Amino acid sequence: MVQRRDFLYYATGAVAAGVTGTAIWGLGRAMGPTAATQHDKNLYVDISDLEEGRQLTVKFRQRPVFIRHRTQEEVDQARATQLEDLFDTATRSISSDRHWRHTVTGSADDRERSVDPEGRYIVLWGICTKEGCVPLGDRSGDYYGWFCPCCGTHYDTSGRFRKGPAPHNMYIPNYEWDAETMTVALIDETSPLPLSDKELDRILYGDVSENQR
């Protein structure tokens, strides 16, 4: 009996180690730059191969960003929800600077939160607005969106919190959408803006008038 118990103990440990290793490899693969390219601190993500019903997670400014290709059912669920049924009726964009400040950019209507007019795609900061944990995806929680196991907050298919202690809906990153190339450009606000001609002249020539040049 002792030998049998020892065998089961070590066998169970080996299986657990294998599962853990597989989970870590899968997470690393999901967070990797497979479909993304870095340029001038911005991150350009090609989502042309992102299948319907699947989510891509990329790492941007040391935090995860969720890009989901929603099914028509998910879009319908999100757009059938009325604003008066929500705890938080605002959409907030969170900056990627070191202060991680958020500002209200619109209502929580799904048409203002989705990337394209049809609502097929949505881009979210992959952080719970309660404690900053990473919510579970793949239609998790009571509203088939995302669920945070740390605090118990449930988010719907538009990333709006519907149950739990979270104070806000999931934040939206600053991004640009190119429908032709199917590319999402995540914008880093800490990048310096291009100099105007006037600013460049001031650097090159100093504060002099046009007649003095």
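Quick note: structure is the one above.
Residues numbered from 1 in each chain as written. Predicted model: local features only at pLDDT ≥ 70, side-chain atom pairs only at ≥ 80, totals over all residues. Heavy atoms only, no water.

1. Side note on the overall build of the chain
For step 1, the next point in the chain: Across its full length, the chain carries four helices and 13 strands.
For step 2, the next point in the chain: Counting only residues that meet the buried cut, the chain has 39% of its 213 residues in that class.
For step 3, the next point in the chain: Pairs at least 24 apart in sequence give 52% of the contacts found in the chain among residues at least 6 apart.
For step 4, the next point in the chain: As presented, the chain carries roughly 12900 Å² of accessible surface, and 53% of it is formed by carbon and sulfur atoms. (Helix = DSSP H or I, 4+ residues; strand = E, 2+ residues; numbered from the N terminus. Buried < 20%, exposed > 50% of the residue type's maximum accessible area, 1.4 Å probe, protein only. Contact = heavy atoms within 4.5 Å. Areas by Shrake-Rupley, 256 points an atom, 1.4 Å probe, with all protein chains shown as cover.)

2. Details of the sheet that holds strand E4 (residues 63–69)
For step 1, the next point in the chain: The strand order across the open sheet formed by three strands is E3-E4-E7, and the pairing between neighbours is antiparallel. Of all the strands in the sheet, just strand E3 (55–60) and strand E7 (121–125) have a single pairing partner and so form its edges. Across this sheet, the average inter-strand angle for adjacent strands is 20 degrees, counted without regard to direction.
For step 2, the next point in the chain: Bridging between E4 and E7 involves five bridges; their strand directions are antiparallel. Following the sheet pairing, Ile67 is matched in E7 by Val123. (Pairing = 2+ DSSP bridges. Axes fitted to C-alpha atoms, helices over the stretch in contact; angles between N-to-C directions.)

3. Let's talk about the packing of aromatic side chains
For step 1, the next point in the chain: Considering all chains together, one arrives at four aromatic pairs under this definition.
For step 2, the next point in the chain: Pairing Phe60 with Trp125 gives two aromatic rings, centres 6.1 Å apart and planes at 20 degrees, and the pair type is stacked. Taken together, the positions of Phe60 in strand E3 and Trp125 in strand E7 put the pair 65 residues apart, joining distant regions of the chain. Comparing Phe60 with Trp125 shows no difference in burial state: the two are buried.
For step 3, the next point in the chain: When the centroid spacing of 6.3 Å and the interplanar angle of 5 degrees are considered together, the rings of Phe66 and Trp146 count as stacked. Placement of Phe66 in strand E4 and of Trp146 in strand E9 (residues 145–148) is noted, with a sequence separation of 80 residues between them. The pair Phe66 / Trp146 is uniform in exposure class, with both members buried. (Phe/Tyr/Trp six-rings, centres within 6.5 Å; stacked < 30°, edge-to-face > 60°.)

4. Observations concerning the pattern of salt bridges
For step 1, the next point in the chain: Applying the stated rule across the entire model yields 11 salt bridges.
For step 2, the next point in the chain: Residues Glu74 and Arg139 are paired through a salt bridge, measuring 3.8 Å at the closest nitrogen-oxygen approach. Highlighted residues: Glu74 in helix H2 (residues 72–80) and Arg139 in strand E8 (residues 136–140), separated in sequence by 65 residues.
For step 3, the next point in the chain: Accessibility expressed as a relative area gives 2% for Glu74, which makes it buried.
For step 4, the next point in the chain: Of the residues examined, Arg139 reaches a relative accessible area of 29% and is grouped as partly exposed.
For step 5, the next point in the chain: Close ionic contact of Asp88 with Arg92 constitutes a salt bridge, the shortest N to O distance being 2.7 Å. (Salt bridge = Lys/Arg side-chain N within 4 Å of Asp/Glu carboxyl O.)

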